[in-house]
Amino acid sequence: MLAGLTVLALAAGCSAAPEASVASSSPQAEISAPADAVTLKDMMLTHGPSEFLLPKQVQVTSRIDQPNVVTLTFEPAQRKLLAGWLATRLPSGWSVDASANDSLLFHSSAWQGAFTCSATECALTLRKQAG
């Protein structure tokens, strides 16, 4: 069931066009990442939650950077690293909703997140909640 929810979350995040009324993002506060982490801005993304950190050693294979959704893909060899990181190091104010087989659904007051892997690719999607 979790896999189905995750696929739906990823599909919705990747396929949804930004709303016409989405305002441009306000400047993000500078976040100082610990030595073992990088911010989304460090990963050359303009959008996404400024407090969201990922392990410094991850290698992104592709990215979507829109005001309402950010998606990063990774090689499946990074599955355990990313799943472990997300399960234990989400920023303050974020909660894990479901976790199984190295897949996670999580959220904050402003964002929803999903992480899952297949045999050929891993994906992390962060979608801004309507409101």
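Since we're looking at a predicted model, the values are computed, not measured.

## Structural notes on the pattern of salt bridges
Step number 1: Under the defined criterion, the tally for this structure stands at 3 salt bridges.
Step number 2: For D36, the salt bridge is made with R89, and the minimal N-O distance between the two is 2.7 Å. On the criterion of sequence distance, the pair formed by D36 in the loop between helix 1 (2–15) and strand 1 (37–39) and R89 in the loop between helix 2 (79–88) and strand 5 (95–100) is long-range, its members being 53 residues apart.
Step number 3: By relative accessible area, D36 is classed as partly exposed at 36%.
Step number 4: Close ionic contact of D102 with K80 constitutes a salt bridge, the shortest N to O distance being 3.0 Å. In this pair, D102 sits in the loop between strand 5 and strand 6 (103–107) while K80 sits in helix 2, placing the two residues 22 residues apart along the sequence.
Step number 5: Judged by relative accessible area, which is 22%, D102 ranks as partly exposed.
Step number 6: Several salt bridges share partner residues, and in doing so they unite R79, K80 and D102 into one network.

## Some words on the state of the cysteines
Step number 1: The final tally for this structure, using the stated rule, is 1 disulfide.
Step number 2: Covalent S-S linkage joins C117 and C122, the inter-sulfur distance amounting to 2.0 Å. An S-S torsion of about 110 degrees defines the bridge between C117 and C122 as right-handed.
Step number 3: Exposure remark for C117: the relative accessible area of 13% places this residue in the buried category.

## Points about the sheet that holds strand 8 (residues 122–128)
For sheets, the rule is that strands pair by backbone hydrogen bonds, running either parallel or antiparallel.
Step number 1: The 6 strands lie next to each other as 3-4-8-7-6-5, forming an open sheet whose pairing is antiparallel. Looking along the sheet, the strands with just one partner apiece sit at the ends: strand 3 (60–65) and strand 5. For this sheet the average axis-to-axis angle between neighbouring strands, irrespective of direction, equals 10 degrees.
Step number 2: Sheet topology note: the strand 6/strand 7 (residues 111–117) ladder contains 4 bridges and is antiparallel. Paired with F106 across the strands is G113, a residue of strand 7.
Step number 3: Docked against the sheet, helix 2 engages strand 4 (69–74), strand 5, strand 6, strand 7 and strand 8, running at close to 150 degrees with respect to strand 7.

Cut-offs applied
Residues numbered from 1 in each chain as written. Predicted model: local features only at pLDDT ≥ 70, side-chain atom pairs only at ≥ 80, totals over all residues. Heavy atoms only, no water. Salt bridge = Lys/Arg side-chain N within 4 Å of Asp/Glu carboxyl O. Helix = DSSP H or I, 4+ residues; strand = E, 2+ residues; numbered from the N terminus. Buried < 20%, exposed > 50% of the residue type's maximum accessible area, 1.4 Å probe, protein only. Disulfide = S-S within 2.5 Å. Pairing = 2+ DSSP bridges. Axes fitted to C-alpha atoms, helices over the stretch in contact; angles between N-to-C directions. Contact = heavy atoms within 4.5 Å.

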